[in-house]
Amino acid sequence: MNKRNEIEKMIGMLRAELLQARTPGGMWKGQLSSSAISTSVAVFALHLIDEKKYAPYICKGVEWLKSSMQNNGSWGDSIESPSNLTATLLSYACLYATDDAPSQTKEYLSVRFGGTTDQDIIKGVLAYYGKDLTFSVPILVMCALAGVIKSWINIPQLPFELSVLPQRLFRFLQLPVVSYAIPALIAVGIVRYRNGRKGIDSPIREVFIDRSLMVLQKLQPVHGGFLEAAPLTAFVSMCMTGAGYREHASTQKAVDFLINTVREDGSWPIDTNLSSWVTSLSISALGDDIEDKQALANCIKRNAFASRHPFTGAREGGWGWTDLPGAAPDADDTSGSLVALHILLDGAYCPEVEKGIEWLLALQNRDGGMPTFCKGWGKLPFDRSCADISAHALIAMQLWMDKLPKAMQKRCRNSVQRMLQWMQKNQAEDGSWTPLWFGDQHAKDERSPVYGTSMVVEYLASSEEPLAREMRKKGLKYILSVQNADGGWGGAKDVPSKVTLTSRALSALASYHIPETSEALENAFGYLHCKYVAGQLFQAEPIGLYFARLWYSERLYNLTFALNALKKLQTVID
């Protein structure tokens, strides 16, 4: 086998596939996997709101759930996923209310919870998610609305009243939900209050309901989908209905969103799409190999938020994961868009770049790391500092550093040093970093230090900072130490290899032309080439949202990750 020729052949195929996947509007949309969590929650919401009117959608969704059930009566979140407690419980609750809950599913849950009494389910779900009530309380409330849980008494109460306070105070209040979940705080909190015991504070709480609902309306995007996500939108609409607000404008707009985003087979994805994210990935993978770079740059510029975000209170200038109005700005997508603009504009400065850098500077946590959505919300998973997101912001700042105003350059240099110090402090003894948003379902703890470490090492490749050189050396050593015998990588040591994770590790190693990596590069290419020959390069591999148990796969991950890796490999092979 002529390795160079095979690499060129694979690059040509991947490039053609990626360009073909681009939409007429210029962006990439990708294809998220259908989700048992999204489908069960959406179907139950429609059932609760009006089971006759929405019967076609309910019936089709129920059939999809039945057809995707595993032999032991459980569900994974995507069809490719192993059994998942959240997906199984929500699917069971949906079928319990709308059709006929399978007996084997009840047996599965009984084993997982140690029984299926109210106490068993509530205790099990709360233990599964820990202190973060963002998912656990909506799940328990749906079980109560469906009749799986008979009594509301032990379901935690969410303080919906706090939603009326100024957003700038939220990070000081230690809210039990993450920064983007204020709609759930309101709707879930109100329905739990309506179905709970009333106390001496009830008259005061009643006063805050209308005011909280006004906040909910202000937070709802124009087409009804909170965060463009079926689960959050469905949870809000079912809770509004359960609290007596079936005809409320927010409930009806949420229903419109659910009806407009259902798929032909009756299922829903975890989110509408990740267009901004997969577009940034596509541009990074293609590099200069894009014809209409200016037009694509204009698309990206238009997607920057031009005003303060209603959910998170984030200032203007950031980018979200999609070009749809329900997104929220986040650090990873803002950094990705800034890197993409540098490629498309050949480094030519523009106002959107300055605002994007300013947005990142304002977001940085006090500990020096970069969170996803909101500064200072560090107690819950979504909002803590994250190594790969921090490294992404670092490279975005360094790419544009020379073009920034002098005062901003100074701020960026200080920011970079703080990020490096935080990353050094949080690098594990074995040289790894664990990412926040990506995991491996086959790992014992579902974590993926291979992904996190590979991303940090790749992002730090162009940095001349002494700390960066020291950390990436340890990171490279970790990546090399956990390569599997087949040449690929799973999320951690001895975890089955995957195309996505092998591509990310290969990209990291190929970013450095050093002798120690030559054998690993050879073996990694061998793994990807075998998948290519077998026609398995695009097999779905759920890797997203591991800590929230909302796993998804995205077809463009395989494509862009592999193309990026092979193009880097092409520059270092002998």
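Relevant structure appears above.
Residues numbered from 1 in each chain as written. Predicted model: local features only at pLDDT ≥ 70, side-chain atom pairs only at ≥ 80, totals over all residues. Heavy atoms only, no water.

How do you make sense of helix α21 (residues 518–533) when you look at a structure like this?
For an α-helix, the turn length of 3.6 residues means that residues three or four places apart are oriented alike. For α21, with 16 residues, the first-to-last C-alpha span of 22 Å sits near the 22 Å given by 1.5 Å per residue. The inward-facing, buried residues of α21 abut α1 (3–20), α19 (466–481), α20 (499–510) and α22 (555–572). Positioned one or two residues after α21, Gly535 has a phi angle of 70°, which is positive. (Helix = DSSP H or I, 4+ residues; strand = E, 2+ residues; numbered from the N terminus. Expected span 1.5 Å × (residues − 1). Contact = heavy atoms within 4.5 Å.)

Help me understand the packing of aromatic side chains in this model?
When we look at a pair of aromatic rings, we describe it by the centre distance and by the angle of the planes. Counted by the stated rule, this structure contains eleven aromatic pairs. Centroid distance Tyr92 to Tyr96: 6.0 Å. Interplanar angle 45°. Geometry classified as tilted. Of the two residues, Tyr92 and Tyr96 are both situated in helix α4 (residues 85–98); the distance of four residues between them amounts to about one turn of the helix. The class of Tyr92 is buried, set by a relative accessible area of 8%. Ring geometry for Trp321 versus Phe373: centroids 6.3 Å apart, planes at 80°, classification edge-to-face. In this pair, Trp321 is assigned in the loop between α13 (293–302) and α14 (331–344) and Phe373 in the loop between α15 (351–363) and α16 (387–400), connecting sequence segments 52 residues apart. In textbook terms, an aromatic cluster arises when at least three aromatic residues are bridged by ring pairs, as seen for Phe438, Tyr451, Tyr552, Tyr557 and Phe561. (Phe/Tyr/Trp six-rings, centres within 6.5 Å; stacked < 30°, edge-to-face > 60°. Buried < 20%, exposed > 50% of the residue type's maximum accessible area, 1.4 Å probe, protein only.)

Help me understand the nonpolar core in this model?
The tendency in soluble globular proteins is for nonpolar side chains to be buried as a group. Judged by nonpolar contacts, the single largest core of 199 residues is most densely connected at Met423 and Tyr557. Considering every element that reaches this core, the biggest residue donor is helix α7 (residues 133–146), with eleven residues. Those residues in contact with Tyr557, other than ones at most four positions away along the chain, are Leu274, Trp277, Val278, Leu281, Phe438, Thr500, Ile543, Tyr552 and Ala562. (Core = buried A, V, L, I, M, F, W, Y, C linked by side-chain atoms within 4.5 Å.)

Explain helix α12 (residues 275–286) to me, please; I cannot follow it from the model alone.
Helix length check: α12 (twelve residues) gives 16 Å between terminal C-alpha atoms against 16 Å at 1.5 Å per residue, within 8%. The buried count for α12 comes to eleven of twelve residues, which makes it a mostly enclosed element. All of the buried residues along α12 are Ser275, Ser276, Trp277, Val278, Thr279, Ser280, Leu281, Ser282, Ile283, Ala285 and Leu286. As for α12, its buried residues are in contact with α1, α13, α14, α16 and α22. Positive backbone phi, at 65°, marks Gly287, one or two positions downstream of α12.

Where do I start with the packing of α13 against α14 in this structure?
For any two helices packed against each other, the geometry is given by the interaxial angle and the distance between the axes. At a minimum axis separation of 9 Å, α13 and α14 run at an interaxial angle of 155°. With respect to α14, the element α13 is oriented roughly antiparallel. Between α13 and α14 lies a crossing of left-handed hand. For the pair α13 and α14, contact is made by Lys293, Leu296, Ala297, Ile300 and Lys301 and by Ser337, Ala340, Leu341, Ile343 and Leu344, respectively. Tallied by class, residues from the contact of α13 with α14 come to seven nonpolar, one polar and two charged. (Axes fitted to C-alpha atoms, helices over the stretch in contact; angles between N-to-C directions. Parallel < 35°, antiparallel > 145°, perpendicular 65-115°, else oblique. Left-handed = near helix turned anticlockwise from the far one by under 90°. Nonpolar A, V, L, I, M, F, W, Y, C, P; charged D, E, K, R; others polar.)

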